[in-house]
Each structure stands twice: as C-alpha cells, then as structure tokens.
Amino acid sequence: MSVAEIVYDPYDYEIDAEPHPVWKRMRDEAPVYYNPRYDFYALSRFDDVLAASLDQETFSSNRGTV
C-alpha cells in the first residue's frame, strides 16, 4: 500500500475549504514541510513555530509571508 504524497498549496481553494486533514498529516508526517512549487518551508507544529518565532537570528521570512 502506498501513501499519497502530502501536498499543501496555500492557494488551493479545496484545501482552504477543509484544511484540517492536510494540516494533521503535515504535523504527523512532515513537521517541516517543503513546497517545491512555491519554494517555501512551513512548520506545522506549535512548539516548532513558537521556537522559530523567538529565534529571529536563525529563522527569517525575508521573502514575506503567504
């Protein structure tokens, strides 16, 4: 049995309509998710997001936010 690849597209209306399943998969399977189409990384776990937001020397969003 193969597992479908996780795809998170912040511009996909179907995902926006019901984002919780993909967010859960990201937390469980890809806590640091990379989207090659838009060339961004996303943290999906609260503790990771908190730690990154408090460490501005290491982590930045110099290309803006989505």
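Residues numbered from 1 in each chain as written. Predicted model: local features only at pLDDT ≥ 70, side-chain atom pairs only at ≥ 80, totals over all residues. Heavy atoms only, no water.

### Some details on the overall build of the protein chain
Helices and strands together make up the secondary structure of the protein chain, namely three helices and two strands. When the helices and strands of the protein chain are placed in sequence order, the string is α-α-β-β-α. Buried residues in the protein chain amount to 23% of all 66 residues. Excluding contacts between residues fewer than 6 apart, the proportion of contacts in the protein chain whose partners are at least 24 apart in sequence is 30%. Looking at the protein chain as shown, the accessible area adds up to about 5600 Å², and 54% of this sits on carbon and sulfur atoms. (Helix = DSSP H or I, 4+ residues; strand = E, 2+ residues; numbered from the N terminus. Buried < 20%, exposed > 50% of the residue type's maximum accessible area, 1.4 Å probe, protein only. Contact = heavy atoms within 4.5 Å. Areas by Shrake-Rupley, 256 points an atom, 1.4 Å probe, with all protein chains shown as cover.)

### What about the nonpolar core?
In this structure, I6, Y8, I15, V22, M26, A30, Y33, F40 and A42 together form the largest nonpolar core, which totals nine residues. Elements supplying a minimum of two residues to this core: α2 (20-29) and β2 (40-43). Setting aside anything within four residues of it in sequence, one finds M26 in contact with I6, Y8, P31, Y33, A42 and S44. (Core = buried A, V, L, I, M, F, W, Y, C linked by side-chain atoms within 4.5 Å.)

### Regarding unusual backbone geometry
For D39, which is not glycine, the phi dihedral falls at a positive 55°. Note on placement: D39 falls in the loop between β1 (32-35) and β2.

By themselves these figures say nothing about function.
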